[in-house]
Structure formats: C-alpha cells, structure tokens
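# Coordinates in review
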Amino acid sequence: MKKELAKAVLDAFSACPEFKEAAQSYLDSVGTEKEAEAWSALVAEAEADIIPIDGAIAFFKTDKAMAIFGEDVAKAKLAETEKNKANGEKYCGCPGCKAAKDIIEYK
C-alpha cells in the first residue's frame with residue numbers, strides 16, 4: 001500500500017518538487033535498511049505540504065490564482081472548494097493534497 005501512496009504523489013501534477021522527491025526516495029528505499037526512515041520523511045513532507053481548505057479558498061481568491069488558472073477556472077475551483085468545505089472537507093482537494101491526506105491517514 002505504501003508504494004501505491006508514494007506513486008500517487010509522483011502522479012499528482014500539483015505535488016511540489018520536495019514532496020515528489022520524498023516519494024521517489026521512499027520508492028528507491030523499499031527493501032533496504034533505509035525504508036522506514038524514508039517513509040517517515042515522506043509522511044513528514046505530506047504533513048508539511050497539505051493545504052487546509054481555508055488556505056485553498058483564500059488562494060483561489062487571489063490575483064495569483066487568476067494568473068495561473070485564468071479567471072473562469074479560478075472561480076470554478078473556488079466554488080468547488082467552498083462546496084467541499086460545506087460538505088465537511090478539511091483539506092484542499094487537488095491531487096497533491098489528496099495524496100498527502102492519504103499518506104497521513106495511512107501512517
């Protein structure tokens with residue numbers, strides 16, 4: 001299961017380079033004496049990188065989000081994120097944050 005979780009990080013377009021590096025380091029360590037240490041590092045990176053839903057909402061309201069996604073997409077992502085919060089979600093729903101959430105829950 002841990003390998004699948006690490007691979008999800010690598011597949012997530014929104015995962016930051018440090019998170020992807022930690023995932024690759026874990027995968028490279030599987031079956032070695034460094035596996036437990038690499039898993040702990042991946043969990044720590046997941047905990048550092050996951051974005052609380054209020055942070056995601058605030059981001060999608062910024063000019064930076066508009067510049068990155070375009071106004072229509074940023075507004076749509078804002079509406080989706082606000083809906084997710086209303087439904088009880090605690091974290092951003094992007095693939096990187098989803099991968100982080102899955103790792104944190106598995107640990």
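Everything below is about the structure printed above this text.
The structure contained in this document is the topic of the report that follows. Since the structure is predicted, the reported quantities are computational estimates derived from the model, not experimental observations.

Attention now moves to the nonpolar core. Core analysis: the largest hydrophobic core is formed by 28 residues, its most contacted members being Ala6, Val9, Phe19, Tyr26, Trp39, Leu42 and Ile103. Apart from the residues within four sequence positions on either side, Phe19 is in contact with Val9, Leu42, Glu45, Ala46, Asp49, Gly96, Ala99, Ala100 and Ile103.

As a further point, take helix α4 (residues 53–60). Looking at α4, one finds that the buried residues are Ile53, Ala56, Ile57 and Phe60. Projected down its long axis, α4 carries its buried residues within an arc of 100°, all on one side. On its buried side, α4 packs onto α5 (63–69) and α6 (71–86).

Now for the environment of Asn84. Residue placement: Asn84 occurs in helix α6. Along the sequence, Asn84 and Ile53 sit 31 residues apart, while their C-alpha atoms lie 8.3 Å from each other. In contact with Asn84, other than residues within four places in its own chain, are Ile53 and Glu89.

So, how was this worked out
Residues numbered from 1 in each chain as written. Predicted model: local features only at pLDDT ≥ 70, side-chain atom pairs only at ≥ 80, totals over all residues. Heavy atoms only, no water. Core = buried A, V, L, I, M, F, W, Y, C linked by side-chain atoms within 4.5 Å. Buried < 20%, exposed > 50% of the residue type's maximum accessible area, 1.4 Å probe, protein only. Contact = heavy atoms within 4.5 Å. Helix = DSSP H or I, 4+ residues; strand = E, 2+ residues; numbered from the N terminus. Arc of directions from axis to C-beta.

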